[in-house]
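# Topology and contacts: notes
Letter by letter, the chains look like this.
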Amino acid sequence: WVVVTDTFTNLTAGDLPVIHEHMLRLGDDTAHAWLAGLPVDPTNAHVTGGANPSVFVSTADGSGLGLVALDDIFRVHLAASVVRGDAALSDRSLLLAPGARVTAEWAVVPVRDGDFWTFVNTARRMMRMNFVLPYTFASAMTRAPVYDWSDERFRDYVRHKGADFIVQSNDVVRTAAGHPARCTDWLAGPHDVYRDMQTKIRRLYPDGSVRHAVYFHCYLDTTLANRTRFAADMGRDAAGEAIPYGRHTYMHLFIPTLENGWGREISRVIDVILEDIQADGIYWDEFAYGVPPFAFVYGRWDGVSADIDPKTFEMTRKKASTALLSRDFRVHHVKRIQARGAPLIINGAPQTRTLAD
């Protein structure tokens, strides 16, 4: 592979919108195309986001070429496309403050045999993603009948799942309205069911071959008072309205940082899981952000993101990437969990190279 870098520096006195695009102009020579790892129609296909920041095309004569976005900003801003056989990676959301400098980094991956899986394996080596997954997890729901299973039935469940990491969800604790509790509501407990499950697992597997974990989500809350208490930390749309969690409108989205109040509040959940309940590990759901509309939020700025008019190239409004805003918070707590030797499984791609590493 060949790693390419471009550095953009704002030499003006005002904020500078930048769109950069990197294209393979193959046109009719493109026979097959993949975006973010999925086969697509090479005449008109688009994808956004950094979960799999790649595009790969192959030709009828058996050659292939891929592009992969590498740096954090390029990945979270990524717009990948194949249109009329031309494949491209672009950042259409970059905003530079006066004097700011950003280096975009991506790779060109030539594949002699044109095989998609050759590209995948090369990209995995490049991104240092070839490592052993030490745990296989299964969810143990916390209501009857599972909670009341006999020892034999529970052992069968674990054996049939091939699991060595048993995760309990957050539906143990309920709000006054009967919804699964999050953050402040969850902290109020009770947490006895977690301890009961943990005791059962450790009794049935005294050699530690099966471990107990508790579900965690750093962006969601069910406590009405927190919408005022942490109003500055809520995820808001372009109209300034608080973003609900999809159809689950009883939950709203907050963005944790190492400095804000929400970050301190949600960190207490990790404290209770590891220190009070003393679970072996954590299952961290929706690791990079909550739901697709929450990838970017408004009313705050991450220092590099904006909506840019694709015709005039003028900035229409500043915005913030949830993955970038919460990055340092997540790095801190991942390292904290790992330092304990505690198993950690995340749901969803890390989105940034920093957290993938």
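Numbers given for residues are sequential positions, taken from 1 along each chain in its written order. Selection of residues for local features in this predicted model requires a pLDDT of at least 70, selection of side-chain atom pairs for listing and counting requires 80 or more, and totals for whole chains, interfaces and linings are taken over all residues. As a rule here, side-chain values cover all heavy atoms of the structure and leave hydrogens and water aside.

## Some thoughts on the pattern of salt bridges
Note the cut-off: Between Lys or Arg on one side and Asp or Glu on the other, a salt bridge is scored when a side-chain nitrogen of the former is within 4 Å of a carboxyl oxygen of the latter. We count a stretch as a helix when DSSP gives it H or I for four or more residues in a row; a strand needs E for two or more, and each element gets its number in order from the N terminus. Each residue is assigned to one of three classes by its accessible area relative to the maximum for its type, calculated with a 1.4 Å probe on protein chains only: buried under 20%, partly exposed between the two thresholds, exposed over 50%.
If you walk through the whole model with that rule in mind, you get 18 salt bridges. With its nearest N and O atoms 3.2 Å apart, the salt bridge here joins D15 to K318. Remark: K318 occurs in strand β20 (residues 315-318) and D15 occurs in the loop between β1 (2-9) and β2 (16-24); sequence separation between them is 303 residues. Overall, the relative accessible area of 33% leaves D15 in the partly exposed class.

## Comments concerning the sheet that holds strand β3 (residues 30-35)
The strands making up a sheet associate through hydrogen bonds between their backbones, and the pairing can be parallel or antiparallel. Keep this limit in mind: When DSSP locates at least two bridges between a pair of strands, those strands are taken to pair. Each axis is a line fitted through C-alpha atoms, and for a helix only the stretch in contact is used; angles between axes span 0 to 180 degrees, taken between their N-to-C directions. Here a residue-residue contact requires only that any non-hydrogen atoms of the pair lie within 4.5 Å.
In space, the six strands of this open sheet follow the order β1-β10-β7-β6-β3-β4, with antiparallel pairing throughout. The open sheet has two edge strands with one neighbour each: β1 and β4 (38-40). This sheet shows a mean twist of 20° between the axes of neighbouring strands, independent of strand direction. On the sheet, helix α2 (residues 116-126) packs against β3, β6 (54-59), β7 (64-69) and β10 (101-111) and is oriented at approximately 140° with respect to β10.

## Things to note about the sheet that holds strand β22 (residues 344-346)
Strand order across the open sheet formed by five strands is β11-β12-β13-β17-β22, with parallel pairing between neighbours. The open sheet has two free edges, formed respectively by β11 (137-139) and β22, since each of these has just one partner strand. Each strand axis lies, on average, 30° off the axis of its neighbour in the sheet, ignoring direction. Of the pairings in the sheet, the one linking β11 to strand β12 (residues 165-168) comprises three bridges and is parallel in character. Note that in β12 the partner of A138 across the bridge is I166. On the sheet, helix α9 (residues 327-339) packs against β17 (281-284) and β22 and is oriented at approximately 150° with respect to β17.

## Side note on the nonpolar core
Note the following rule: As used here, the term nonpolar core means buried Ala, Val, Leu, Ile, Met, Phe, Trp, Tyr and Cys residues forming a set that is joined through side-chain atoms within 4.5 Å.
W186, F216, I273 and W284 are the most contacted members of the largest nonpolar core, which totals 43 residues. Looking at this core, the elements with two or more residues in it are α4 (183-187), β13 (211-216), β16 (248-253), α7 (261-276), β17 and α9. Among residues more than four places away in sequence, those in contact with F216 are I266, V269, I270, I273, I282, Y283, W284 and D285.

## Things to note about the side chain of R330
Our working definition: In this tally, Asp and Glu contribute negative charge and Lys and Arg positive charge; neither His nor the terminal groups of the chain are included. Side-chain atoms alone can form a polar contact between residues adjacent in sequence; in general such a contact is a pair of N or O atoms within 3.5 Å, and within protein one must be able to donate a hydrogen while the other accepts it.
Relative to the assigned elements, R330 resides in helix α9. D72 is the oppositely charged side chain nearest to the buried, salt-bridge-free R330, at an N-O distance of 8.1 Å. In this structure the side chain of R330 is engaged in a polar contact, spanning 2.8 Å, whose partner is the backbone oxygen of A323. Setting aside residues no more than four positions away along its own chain, R330 makes contact with Y219, W284, F287, A288, A323, P350 and L355.

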